Amino acid sequence: MGPRKFFIATVAITAIAFGAWLSFKMASPAPVPQVATILPVAGELPEFSLLDHNGDPIGRDVFKGHWNLVFFGFTHCPDICPLTLQVLADAKKQLAAAGFERLPRIVLVSVDPERDTPEVLAQYVGYFGDDNLGITGDLEEISKFTKGLGIWFQKSGDGENYSVDHAAAVLVINPDGQFEALFGAPHEADNLVHDLPIIMGRQ
Amino acid sequence: MKRIVPVLILALLGCACSLESAPLVASDVVVSKPRPGMNMAAGYLTLRNNTSQPIIITHVASPQFESVEMHESVIEDGMARMYALGDMRVLAKSSVVFQPGGKHLMLMRPVGEFDTVTLDFFAGRAVVLTVNVTLSD
């Protein structure tokens, strides 16, 4: 093969390869979440003054520097809350096993500060993983945070066995400390494993 | 021989029935260990009523917990709520399933250290079923 023919063959092969790549790109649109709702514009968090599970004062900046999966619940909830935290922990394990490096932090914001002291929360969130975060504190400050996010909760029943009705969504807060997306209940680890890399890949 | 065969078949049927014809049978029983620092645990199981009459469970008790209540978690319009159930009616030849995210036993205030939990299901004053289960993680 002379240099001219070689040049033509090279150009032809490159053109075919480029065409194939282009058609592949056009045929496979960007992946979309199967369950999560991504906010059109990530929202700023309301300001608050609360305590972490070590008893240290925290504000909304506590979310910065991490991807956060935030659930609102309480430790005296025997069914939905441990179930949800276990689903989040399982999803995180699956992402880690798949080689995903930026693992999100699991955050439980107590809607029952009367019983959920930092000590109680520390034991509880620690059960579901090492680097989890528990948030509690003054009820009014918790309400400031939840109302600003459209999260509703209300004490239900009297006496020591009272319960708390609460929103069951899991919020995704990005490393800039902004409300980025949310997962509606019921929660399944497979959905989180599918959607989180898409949500986190957008930044 | 002709007479013996039907008798044998009836006897075998009798054996099969006796295994499954306890009036109320529990299966898939799971009681989770109380979470660290927590004074409660959740219990899950399936109750099967093999009789032709409904069985009404009025309450559940356990020597290992000060209080046991039948509850149901529901998610309505994105809200998680928990209701205390009153009498639990297990219809004739039917099952009731207690499972995560739905009906469950709420076991409160454990008494001492233990690995096995006994659950007594009451219909009024009568215990209609006793279940022993090892705590699971």
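In short, a report on the structure. Source: prediction; values computed, not measured.

### Points about the interface of chain A and chain B
At the junction of the two partners, chain A supplies 22 residues and chain B supplies 19 residues. Those elements giving two or more residues to the side of chain A that touches chain B turn out to be α2 (80-97), α3 (118-127) and β8 (163-167) of chain A. Residue composition of the side of chain A that touches chain B, grouped by class: 13 nonpolar, seven polar and two charged.

### Side note on the pairing of strand β11 (residues 126-134) of chain B
Residues and elements named next belong to chain B. The pairing of strand β10 (residues 116-123) with β11 spans eight bridges and is classified as antiparallel. Counted as the bridge partner of V117 is V133 from β11. A loop of two residues connects β10 with β11, the two strands running antiparallel in sequence, and G124 in this loop sits at a positive phi of about 70°.

### Thoughts on the sheet that holds β10(B)
All names here are of chain B. What the three strands build is an open sheet, ordered β4-β10-β11; its pairing is antiparallel. With one partner strand each, in any of the chains shown, β4 (59-61) and β11 form the two edges of the open sheet. For this sheet the average axis-to-axis angle between neighbouring strands, irrespective of direction, equals 25°. Direction of pairing for β4 relative to β10: antiparallel, over a ladder of three bridges. By the bridge assignment, A61 is partnered in β10 with D120.

Each value, and the rule that gives it
Residues numbered from 1 in each chain as written. Chains lettered and ligands numbered in written order. Predicted model: local features only at pLDDT ≥ 70, side-chain atom pairs only at ≥ 80, totals over all residues. Contact = placed C-beta atoms within 7 Å. Helix = DSSP H or I, 4+ residues; strand = E, 2+ residues; numbered from the N terminus. Nonpolar A, V, L, I, M, F, W, Y, C, P; charged D, E, K, R; others polar. Pairing = 2+ DSSP bridges. Axes fitted to C-alpha atoms, helices over the stretch in contact; angles between N-to-C directions.

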